[in-house]
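Here is what each chain is made of, one letter per residue.
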Amino acid sequence: MPQKKANPALASLSTTYWPRVITLWLCGVLAAMQFSKISFAFQTLQATYEATPTAMGWILSTVGTVGLVLGVTAGLCAPAIGYRRLLLVGMGLGAVLALLQSLILPFELLWLTRLFEGFSQLAVVVAAPVLIIRQSARRHHSLVMGLWSTFVTVAFALTAAGGGWVLAHFHLRGLFLVHASGLTMMFVLVLLMVPKDAAQAQPWPALTALPRLHLRLYQHWVTALPGLCFFCYTSTAIALLTFVPQYAGADRAWVAVILPFAAISGTFSAGWLAQSLVAPRRLVLGAFTAMALVGLGLGGCLMAGLRMAPVAVLLTYSVGLAGGSSFALIPYLSHEPAVQARANGAVAQMGNLGSTLGPPLFALMISTFGAPGLVLPVVGFALLGCGWMVMSSRTDNQPPCV
């Protein structure tokens, strides 16, 4: 049989183009600010719109709904669109929507812009990591993907560090305008710095094949387990970064800044531990166990009126550890690229399910049970993650669906 010609777009580089890598990473950070800006201004938005905490929870999580429904589909269609084109569409659409939000739209229209921000965010998170790999030498692939994995928590940290000043001087309008300006700037940088997509277009996937592909993702633990564990992580992480500072009392200012860095530390620790010391399966189980125990400790502090900030930082670290070790499961369970691609599709889909359901669920528990209600979903998702690991350990020899 004649051999296929290598695709030059996929050829391994000998040099990493770090300015392009940083630019693409910053695109992810600004896309994640579609979550963090609402999280940081949660109470201000609630007062402005006179909305219930549950309603604002849906405003926060609506962005993830699009990724939940179309995450795998976007990954399949991206080669036909072109990764650079898809990224530019995502950044441009995000800039326009943030500009519209600066007009302080009625609540219903605000929700509609959040829905379309879901398309913007999905385009960025599908396209940017592929482009990062293409701009990197093979020896740096793990390093640049480790950098990429921090984009959400870095967005929360930057928003917490500068958002208060922006709100104090320029109010909600200014917060949205700053976000629109950042997205516009990165759009221009991508246009100038990132090479154009290859001229030859890839074929579009058949619509009839999409339901079968979605089903196959969850037929075997090797493709389903990382996504199921990541669901437990995303269900908890964004909600903790949103709600925990509200109950930190005098520690609120520094807690809001430290929590994202604690999550980043947990994610980086997971990569190092899984590579050097602990098998990813054990690491995931240990991380979720620690998450449950520290969550119970946080609940004790809230009920007893004790200072909870140090425990909250430790909890956020353990949640980050669970998220990072969930990613580490993908290459651990299979070395086959096709299987890893399916597992990544499950991670994208289940991650968005968690980010969509988590904040409203936490808000509901808090409004029902008060501050200690914050702990109930934490422990619940931690035990669910432990359950996935125990159940999957009985089917280690199950063949992947290739």
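For the structure, see preceding data.
(A) Seen up close, the overall build of the protein. Helix and strand content of the protein: 14 helices and zero strands. By the burial criterion, 53% of the 402 residues in the protein qualify as buried. Taking all contacts inside the protein whose residues are at least 6 apart in sequence as the whole, residues at least 24 apart take part in 85%. When the accessible surface of the protein is summed, it comes to about 17,800 Å², and 69% of that surface belongs to carbon and sulfur atoms.

(B) Layout of the pattern of salt bridges. Throughout the structure, instances matching the rule amount to three salt bridges. A salt bridge links Glu 117 to Arg 114, with the nearest nitrogen and oxygen atoms 2.7 Å apart. In this pair, Glu 117 and Arg 114 are both assigned in helix H5 (residues 107-134), three residues apart and thus about one turn of the helix distant. The pair Glu 117 / Arg 114 is uniform in exposure class, with both members buried. Sharing partners across several salt bridges, the network here consists of Lys 37, Arg 114 and Glu 117.

(C) Inspection of helix H8 (residues 210-217) at higher detail. Buried residues of H8: Leu 210, Leu 213, His 214 and Leu 217, and no others. Buried residues of H8, viewed axially, fall in a sector of 100°; they line one side. Among the exposed residues of H8, those pointing more than 90 degrees away from its buried face are Pro 211, Arg 212 and Leu 215.

(D) Representation of unusual backbone geometry in the model. Of note, Glu 50 is a non-glycine position whose phi angle comes to about 50°, a positive value. You can see Glu 50 is positioned in the loop between helix H2 (42-49) and helix H3 (53-81). Positive phi is not limited to glycine here, since Ile 104 has a value of about 55°. On the secondary structure map, Ile 104 appears in the loop between helix H4 (83-101) and H5.

(E) Structural detail: the packing of helix H1 (residues 18-40) against H4. Their axes nearest at 11 Å, the elements H1 and H4 cross at an angle of 35°. As for the relative orientation of H1 and H4, their crossing is left-handed in sense. When H1 is examined against H4, the residues Leu 24, Cys 27, Gln 34 and Lys 37 are found in contact with a partner set consisting of Leu 87, Met 91, Gly 94, Ala 98 and Gln 101. Here the contact of H1 with H4 is composed, by residue class, of five nonpolar, three polar and one charged.

(F) Region of interest: a nonpolar patch on the surface. Nonpolar side chains collect at one region of the surface, where Val 69, Leu 70, Leu 109, Trp 111, Leu 112, Phe 116 and Phe 119 lie side by side and expose about 590 Å² of accessible area between them. Secondary-structure elements contributing two or more residues to the nonpolar patch are H3 and H5. Examining the composition of the nonpolar patch, we find that five residues originate from one element, H5, more than from any other. With respect to the helices, strands and loops of the structure, Trp 111 is situated in helix H5.

About the cut-offs
Residues numbered from 1 in each chain as written. Predicted model: local features only at pLDDT ≥ 70, side-chain atom pairs only at ≥ 80, totals over all residues. Heavy atoms only, no water. Helix = DSSP H or I, 4+ residues; strand = E, 2+ residues; numbered from the N terminus. Buried < 20%, exposed > 50% of the residue type's maximum accessible area, 1.4 Å probe, protein only. Contact = heavy atoms within 4.5 Å. Areas by Shrake-Rupley, 256 points an atom, 1.4 Å probe, with all protein chains shown as cover. Salt bridge = Lys/Arg side-chain N within 4 Å of Asp/Glu carboxyl O. Arc of directions from axis to C-beta. Axes fitted to C-alpha atoms, helices over the stretch in contact; angles between N-to-C directions. Left-handed = near helix turned anticlockwise from the far one by under 90°. Nonpolar A, V, L, I, M, F, W, Y, C, P; charged D, E, K, R; others polar. Patch = residues over 30% accessible without salt bridge, like charges linked within 9 Å, V, L, I, M, F, W, Y side chains within 5 Å.

This is a description of form; function is not addressed.
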